[in-house]
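Observations on the three-dimensional arrangement
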Amino acid sequence: MTNIVFMGTPDFSVPVLERILKDGNNVLAVVTQPDRPVGRKKVMTPPPVKAAAIKHGLPVLQPEKLSKSDELAEIIGLKPDLVVTAAYGQLLPNELLEAPKYGCINVHASLLPELRGGAPIHYSILQGKQETGITIMYMAEKLDAGDIIAQAAVTIDENDNTGILHDKLSVVGADLLSETIPAIINGTSSRTSQDESKATFASNIRRSDEKIDWNRSGEELHNQVRGLCPWPVAYTTLAGSAVKVWKSEKVSNTSGTPGTILSIEEDGIVTATGSSTAIKITELQPAGKKRMSARDYLRGSGSSLQAGTVFGE
């Protein structure tokens with residue numbers, strides 16, 4: 001039985017923690033981010049990993065900042081064989097990296113050295129990649145730059161969005177970690193340095209990344225819609241009000257001024273882009289309303305919409 005301290009925060013981390021427990025490891029403590037206010041009413045809400053840990057009766061630590069905290073001393077004092085992180089959200093200080101017998105390892109949602117950083121799943125779709133994956137790596141003081149232990153590739157399907165790919169990767173990550181921990185403990189795991197010349201980065205999504213620029217190609221815009229769904233969601237404007245675009249399809253061999261509605265179809269709004277590939281908006285969310293299909297929108301408040309109307313003005 002391996003004594004493990006697990007560190008993670010969002011939904012992605014939960015299957016990883018669950019698999020560690022299922023495999024019979026002894027989780028000494030779970031470290032996660034503090035509860036945060038969520039929603040319009042700012043309700044204090046625990047991270048998903050905290051909820052999972054409480055369900056299993058595990059001790060939970062939630063330092064605002066891990067470095068030089070009382071919780072850091074407590075973690076080191078537990079003398080874990082291994083620290084496992086998965087989307088924890090903070091860099092680990094060197095004194096923790098050096099404490100466990102078998103080191104600190106991370107489950108990262110890309111094929112490193114590609115897409116280091118906090119939003120690798122989003123960027124794999126935003127960049128139109130056809131493949132991404134999971135990397136199990138030793139942690140270092142530099143962001144996602146540690147030696148690679150194991151990797152597993154995952155195909156990105158044409159209409160996968162970030163939510164779908166997130167779920168695929170979290171399962172693959174849990175499975176790969178399950179194979180990797182025994183190899184680390186028995187000394188049969190590999191260790192490969194990353195090629196710094198091939199490193200790319202996936203910084204956290206900014207508000208400016210969410211706005212649709214209709215001058216971009218249809219392929220890029222379809223990837224933007226997929227890559228920002230279900231969070232934070234791409235948006236455009238119509239008559240000065242924001243409209244979130246939840247789902248789209250590509251329509252080939254079209255032409256028109258970017259942002260102009262080319263046709264209103266039963267299941268969507270075909271809109272010109274900066275290329276010969278148009279975007280059909282099939283799910284959207286007008287300001288102040290719920291997410292809905294384009295069909296429902298066109299039957300209701302969008303019934304007056306017509307070809308020639310321009311998004312983004």
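Before any of the text, the structure's been laid out above.
This report concerns the structure included in the present document. These figures come from a predicted structure and were not determined experimentally.

Concerning the packing of helix 1 (residues 13-22) against helix 2 (residues 48-55)
Contact pair helix 1 / helix 2: the axes reach a minimum separation of 9 Å and the direction vectors enclose 25°. Relative to helix 2, the element helix 1 is oriented roughly parallel. The two elements helix 1 and helix 2 cross, and the hand of that crossing is right-handed. Seen from helix 1, the contacting residues are S13, V14, L17 and E18; seen from helix 2, they are P48, V49, A52, A53 and K55. When grouped by side-chain class, the residues that make up the contact of helix 1 with helix 2 number six nonpolar, one polar and two charged.

Points about unusual backbone geometry
A negative phi angle characterises most non-glycine residues, just as the trans form characterises most peptide bonds. Following C229, the chain continues to P230 via a peptide bond in cis, the omega torsion being 15°. Looking at the element boundaries, P230 is found in the loop between helix 7 (218-227) and strand 10 (234-238). Cis geometry is adopted by the peptide bond preceding P232, which originates at W231 and carries an omega value of 5°. By the secondary structure assignment, P232 is in the loop between helix 7 and strand 10. If you check the backbone angles, A239 has positive phi at about 55° while not being a glycine. Residue position: A239 is located in the loop between strand 10 and strand 11 (241-251). A relative accessible area of 76% means that A239 is categorised as exposed. Unlike most non-glycine residues, N253 shows phi in positive territory, near 55°.

Description of the pattern of salt bridges
In total, this model carries 20 salt bridges according to the counting rule given. Residues E114 and K129 are paired through a salt bridge, measuring 3.5 Å at the closest nitrogen-oxygen approach. Highlighted residues: E114 in the loop between strand 7 (104-108) and helix 5 (120-126) and K129 in the loop between helix 5 and strand 8 (131-138), separated in sequence by 15 residues. Of the charged contacts in the structure, one is a salt bridge between E283 and R291, with a shortest N-O distance of 2.8 Å. Taking the relative accessible area as the measure of exposure, R291 reaches 41% and is therefore partly exposed. Salt bridges linked by common partners bring R19, D23 and D175 together as one network.

Things to note about the packing of aromatic side chains
A complete count under the given rule lists one aromatic pair for this structure. A centroid spacing of 5.9 Å and a plane angle of 20° characterise the contact between W214 and F311, whose relative ring orientation is stacked. Remark: F311 occurs in the segment after helix 8 (294-299) and W214 occurs in the loop between helix 6 (162-186) and helix 7; sequence separation between them is 97 residues. According to the relative accessible area criterion, W214 is buried, its value standing at 6%. Judged by relative accessible area, which is 5%, F311 ranks as buried. Lying over the aromatic face of Y138, R191 brings its terminal NZ or CZ to 4.0 Å of the ring centre.

What counts as what
- Residues numbered from 1 in each chain as written.
- Predicted model: local features only at pLDDT ≥ 70, side-chain atom pairs only at ≥ 80, totals over all residues.
- Heavy atoms only, no water.
- Axes fitted to C-alpha atoms, helices over the stretch in contact; angles between N-to-C directions.
- Helix = DSSP H or I, 4+ residues; strand = E, 2+ residues; numbered from the N terminus.
- Parallel < 35°, antiparallel > 145°, perpendicular 65-115°, else oblique.
- Left-handed = near helix turned anticlockwise from the far one by under 90°.
- Contact = heavy atoms within 4.5 Å.
- Nonpolar A, V, L, I, M, F, W, Y, C, P; charged D, E, K, R; others polar.
- Buried < 20%, exposed > 50% of the residue type's maximum accessible area, 1.4 Å probe, protein only.
- Salt bridge = Lys/Arg side-chain N within 4 Å of Asp/Glu carboxyl O.
- Phe/Tyr/Trp six-rings, centres within 6.5 Å; stacked < 30°, edge-to-face > 60°.
- Lys NZ or Arg CZ within 6 Å of the ring centre and 35° of its normal.

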